Amino acid sequence: MSGQHFKGHEVSCCIKYFIFGFNIIFWLLGMAFLAIGLWAWSEKGVLSNISSITDLGGLDPVWLFMVVGAVMFILGFAGCIGALRENTFLLKFFSVFLGIIFFLELTAGVLAFVFKDWIKDQLNFFIDKNIKAYRDDIDLQNLIDFTQEYWECCGAFEADDWNLNIYFNCTDTNPSREKCGVPFSCCTKDPAEDVINTQCGYDVRAKTDAEQKTYIHVKGCVPQFEKWLQDNLTVVAGIFIGIALLQIFGICLAQNLVSDIEAVRASCLFT
């Protein structure tokens, strides 16, 4: 029997360093997102007055960077250090956390399909709320302008939704120069113009409906988003399926590595 050797369990180096390499990218991206978010808050003076975080009536886009960055940082840290140090606790945490995110995404997708009308109403409410806060935060303002320019829309369902904003409403008591107007992002673009005319939306809603079509996009962002979703359904579905498969793949690799580590530890107890 002296010529025979017992081959024990081994941790797969391929799986170990693949998980490490993949997650270190996530970790670094997470730190970058958090750094951008903190820098944006610092520029707006939020860090010197933490209570102002809740003062904004609409969505502060910086929250997207902070939340996404935090999730990526936590996942990347657990996967990266867990694989490198062969720490089963961190690897199990990585698997469970990724599984929870996958479950939440799946639940959100099913609920969005079943309760389409409710989602549509909530999207309308969300846009209206942010229209009210349009001038309160520069990042929110840029996000709304980008959305309206990209989808060639104005307001949630129509341009008159901008009556919700104190600067754009058509009431007699409104002293603003933007009274009865819309943001420049609602305006139709003239290819011959090199410089954006930020005053193109002034007084436009005081005109007739037929005249408004000459100057601005009259379709709302909710129906335009629905149209965009229908036109790009295959691409959107492919992206979500790809993300889901990547998450399942990550969970399987992490569990496989945990099994290898536990098998090696168990074999060491009997040698």
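The numbering scheme is per chain: residues are counted from 1 as the chain's sequence reads. It should be noted that, the model being predicted, local features are given only for residues of pLDDT at least 70 and side-chain atom pairs only at 80 or more, the latter also being counted only at that level, while totals for whole chains, interfaces and linings use all residues. Water and hydrogen atoms play no part in the side-chain values, which are based on all heavy atoms of the structure.

Colleague: Describe the nonpolar core, with residues and values.
Modeller: Remark: nonpolar core denotes a set of buried residues (Ala, Val, Leu, Ile, Met, Phe, Trp, Tyr, Cys) joined through side-chain atoms within 4.5 Å. Type-normalised accessible area, obtained with a 1.4 Å probe on protein chains alone, sets the label of each residue: buried when under 20%, exposed when over 50%, and partly exposed for intermediate values. Counting 19 residues, the largest nonpolar core has I127, C154, W162, V182, C186 and I216 as its most contacted members. Of all the elements in the fold, those that place two or more residues in this core are α4 (116-132), α5 (138-150) and α7 (221-231). Residue contacts are defined here by distance: any two heavy atoms, one from each residue, within 4.5 Å place the two residues in contact. Apart from the residues lying within four places of it in its own chain, the contact partners of C154 are Q148, A159, W162, V182, C186, H217, K219, G220 and C221. Only runs of H or I of at least four residues qualify as helices and only runs of E of at least two qualify as strands under DSSP, and these elements are numbered from the N terminus.

Colleague: Which residues make up the packing of aromatic side chains, and what values do they have?
Modeller: Any two aromatic rings considered together are summarised by their centre-to-centre distance and by the angle between their planes. Note on aromatic pairs: the rings of Phe, Tyr and Trp (six-membered ring only in Trp) are paired at centre separations within 6.5 Å, and the planes decide the class, stacked below 30 degrees, edge-to-face beyond 60, tilted for the rest. Going through the model one piece at a time under the given rule, you end up with 16 aromatic pairs. Here F33 and F65 contribute two aromatic rings whose centre-to-centre distance is 5.5 Å and whose plane-to-plane angle is 40 degrees, an arrangement assigned as tilted. Here F65 lies in helix α2 (residues 62-84) and F33 lies in helix α1 (residues 13-43), a separation of 32 residues in the sequence. Classification of F33 by relative accessible area gives partly exposed; the value is 26%. A ring pair is formed by F93 and F97, whose centres lie 5.6 Å apart and whose planes are at 45 degrees; its orientation type is tilted. Of this pair, F93 and F97 both sit in helix α3 (residues 88-114), four residues apart, which is roughly one turn of that helix. Working rule: Lys NZ or Arg CZ, within 6 Å of ring centre, within 35 degrees of ring normal, means a charge sits over the ring. One residue, K207, lies across the ring of Y215, its end atom 5.1 Å from the ring centre.

Colleague: For the state of the cysteines, give the residues involved together with the corresponding values.
Modeller: Defined by distance alone, a disulfide is two cysteine sulfur atoms within 2.5 Å. If you walk through the whole model with that rule in mind, you get four disulfides. Sulfur-sulfur distance for the disulfide between C170 and C180 comes to 2.0 Å. Judged by the torsion about the S-S bond (105 degrees), the C170/C180 disulfide is right-handed. Residue C170 is found in the loop between α5 and α6 (209-215), and its partner C180 is found in the loop between α5 and α6; the two are separated by ten residues along the sequence. By relative accessible area, which is 28% here, C170 ends up partly exposed. A relative accessible area of 12% places C180 in the buried class. Linked covalently through their sulfurs, C187 and C200 form a disulfide whose S-S length is 2.1 Å. On the sign convention where negative means left-handed, the S-S torsion of about 105 degrees between C187 and C200 marks this disulfide as right-handed.

Colleague: Run through the pattern of salt bridges, naming residues and quoting values.
Modeller: Salt bridge, as applied in this entry: a Lys or Arg side-chain nitrogen positioned within 4 Å of an Asp or Glu carboxyl oxygen. Inspection of every chain in the model, using the stated rule, returns eight salt bridges. With a closest N to O distance of 3.4 Å, D160 and R205 form a salt bridge. Placement of D160 in the loop between α5 and α6 and of R205 in the loop between α5 and α6 is noted, with a sequence separation of 45 residues between them. By relative accessible area, which is 7% here, R205 ends up buried. Of the charged contacts, one joins D231 and K227 as a salt bridge, the two residues approaching to 3.1 Å between their closest N and O atoms. Of this pair, D231 and K227 both sit in helix α7, four residues apart, which is roughly one turn of that helix.

Colleague: Which residues make up α5, and what are the values?
Modeller: To estimate how far a helix should reach, multiply one less than its number of residues by 1.5 Å. For α5, spanning 13 residues, the distance from its first C-alpha to its last is 18 Å, which sits close to the expected 18 Å at 1.5 Å a residue. Residues of α5 that are buried include every one of L140, Q141, I144, D145 and Q148, and no others. Projected down its long axis, α5 carries its buried residues within an arc of 135 degrees, all on one side. The outward face of α5, more than 90 degrees from its buried face, is lined by the exposed residues F146 and Y150. Where the residues of α5 are buried, they touch α4 and α7. N-capping of α5 is provided by D137, with a side-chain oxygen placed 3.0 Å from the backbone N of D139. Phi turns positive, to about 50 degrees, at E152, one or two residues after α5. Throughout, the arc means that of the directions going from the helix axis to the C-beta atoms. Whenever two N or O atoms come within 3.5 Å, that pair is a polar contact, provided that in protein one can donate a hydrogen and the other can accept it, and provided that, for residues adjacent in sequence, both atoms are side-chain atoms.

Colleague: Outline the packing of α2 against α3, listing residues and values.
Modeller: Axes, fitted as lines to C-alpha atoms, cover a helix only where it is in contact. Angles between the N-to-C directions of the axes lie from 0 to 180 degrees. Closest axis-to-axis distance for the α2/α3 pair is 8 Å, and the angle between their directions is 145 degrees. Viewed along their axes, α2 and α3 form a crossing whose handedness is left-handed. Residues V71, I74, L75, A78, G79, I81, G82 and A83 of α2 form the contact with α3, whose own contacting residues are L90, L91, F93, F94, F97, L98 and I101. Three categories are distinguished: nonpolar for Ala, Val, Leu, Ile, Met, Phe, Trp, Tyr, Cys and Pro, charged for Asp, Glu, Lys and Arg, and polar for the others, with Gly belonging to the last. Across the contact of α2 with α3, the residue classes break down as 13 nonpolar, two polar and no charged. Crossing handedness: left-handed means the near helix sits turned counterclockwise from the far one by under a right angle, and right-handed means the same turn made clockwise.

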